[in-house]
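Here are the chains, one letter per residue:
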Amino acid sequence: MCRAASSITRPPSSAGGAVSGVGIGLRSPHLKEVLQTQPDVPWFEILADNHSAPGGRIVAELEQIRAHYPITFHCVGMSLGSVDPLDWDYLRNLKTMMAHYQPAWVSDHLCFTHLGGEHYHDLLPLPYTEEALQHLSSRIAQVQDFLGERLLVENVSSYVSYAHSTLSEAEFLGALCERADCDLLLDVNNIYVSAFNHGFSATAFLDAVPLERVREVHLAGYEDKGHYLLDAHNHAVYEPVWSLFSDLARRAPHIPALIEWDNDIPSLQVLMEEAGKAASIVRIHETATA
Ligand SMILES: [Fe+2]
């Protein structure tokens, strides 16, 4: 039986109001339009690292977004898997932002982004071993204890694997949830990309991961590089990813989903159409289970 890495029991946060349905990752080209037109989007995910500077126009705009929509915070800077010390300045700033904007929850990735003081502009994967599990569980528990609520930890796309891994990624995620008492952000595109790149079954991944711990789902587009897939976030969601999302929605139609698009960003209308497609898939499964 696994033991939580902290004795503190943390209820999931709901400070930012109810987050449900299919939201959109808010990017700067759409900020003004969202503020002016207040489109019918159930919630927005905010890249917290892009809004961490105090004061100024960015703060004012985010305050206005928050006045009209539930939001969540998505981070890339915790470097949860690193062996560098935790960045307490980063976490203190995040905690201040959480108190101010009241996001429904905060997420970051199962990866490391800095090592030996060097920052890498990528989400680098970890080996799936007992040692990594212990290390990561302890770090996540420390962060959660400091922030006062559970984190959502997201599976990343990967292009290399470690020969000494002893667990599958899905097994690792399940053990991590139990050990660190954290929740999951399941990126369906990342599952598909990693499954293609490493030759595992995406369906078996869904079978193995603890769906009761999944509080958010990401959808995005990849780039087909021929012999591998790149998690490029520069395209509409591809059909195999919709199919995997439909499988997930059949199993758990209540989980909020989100459209991510970070490069070659299209109009807000296109993102809303993608969100509408995801919502229609969820509705089919909700109706089937009603
Ligand atoms: Fe994602």
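Refer to the structure printed above.
Residues numbered from 1 in each chain as written. Predicted model: local features only at pLDDT ≥ 70, side-chain atom pairs only at ≥ 80, totals over all residues.

## Digging into helix α6 (residues 188-198)
The buried fraction of α6 amounts to eight of the 11 residues, a majority that puts the element mostly inside the structure. For α6, the complete set of buried residues consists of V188, N189, N190, I191, Y192, V193, S194 and A195. Residues of α6 that are buried sit in contact with α5 (169-180), β8 (183-187), α7 (202-208), β9 (214-219), β11 (229-230) and α8 (239-251). Positive phi appears at G199, one or two residues downstream of α6, with a value of about 75°. (Buried ≥ 20, exposed ≤ 12 C-beta atoms within 10 Å, placed from the backbone. Helix = DSSP H or I, 4+ residues; strand = E, 2+ residues; numbered from the N terminus. Contact = placed C-beta atoms within 7 Å.)

## Some remarks on the environment of E273
Following the sequence through the fold, E273 ends up in helix α9 (residues 268-289). Of the residues examined, E273 has 14 C-beta atoms within 10 Å and is grouped as partly exposed.

## Side note on the packing of α8 against α9
Two elements in contact, α8 and α9, have axes separated by 9 Å at closest approach and are oriented at 40°. Of the two elements, α8 crosses α9, and the hand of that crossing is right-handed. Packed against α8, whose contacting residues are W242, F245, S246, A249 and R250, the element α9 presents A278, I281, V282 and H285 at the interface. For the contact of α8 with α9, the residue count by class is six nonpolar, two polar and one charged. (Axes fitted to C-alpha atoms, helices over the stretch in contact; angles between N-to-C directions. Left-handed = near helix turned anticlockwise from the far one by under 90°. Nonpolar A, V, L, I, M, F, W, Y, C, P; charged D, E, K, R; others polar.)

## Thoughts on the environment of W105
Relative to the helices and strands, W105 is located in the loop between α3 (88-101) and β4 (106-109). Once the C-alpha coordinates of W105 and R251 are considered, the two residues, 146 residues apart in sequence, prove to be 23 Å apart.

## Quick notes on the packing of α3 against helix α4 (residues 130-147)
In contact at an axis separation of 10 Å, α3 and α4 are set at 45° when each is read in the N-to-C sense. Comparing their axes, α4 and α3 come out oblique. For the element pair α3 and α4, the recorded crossing hand is right-handed. Contacts between α3 and α4 involve L91, K95 and M98 on the former and, on the latter, V143, F146 and L147. Split into classes, the residues belonging to the contact of α3 with α4 amount to five nonpolar, no polar and one charged. (Parallel < 35°, antiparallel > 145°, perpendicular 65-115°, else oblique.)

## A closer look at the sheet that holds β8
Strand order in the closed barrel made by the eight strands is β1-β2-β3-β4-β7-β8-β9-β12, with parallel pairing throughout. If you compare each strand with its neighbour and ignore which way they point, the axes differ by 30° on average. Relative to strand β2 (residues 44-47), strand β1 (residues 22-25) is paired through two bridges, and the arrangement is parallel. Within β2, the residue paired with I24 across the bridge is F44. (Pairing = 2+ DSSP bridges.)

## Quick word on the nonpolar core
Considering soluble globular proteins, one finds that nonpolar side chains tend to be buried as a cluster. Formed by 78 residues in total, the largest nonpolar core has its most connected members in V188 and L219. Those residues in contact with L219 that sit more than four places away from it in its chain are V188, N189, V237, V241, F245, A257, L258, I259, E260 and A278. (Core = buried A, V, L, I, M, F, W, Y, C linked by C-beta atoms within 7 Å.)

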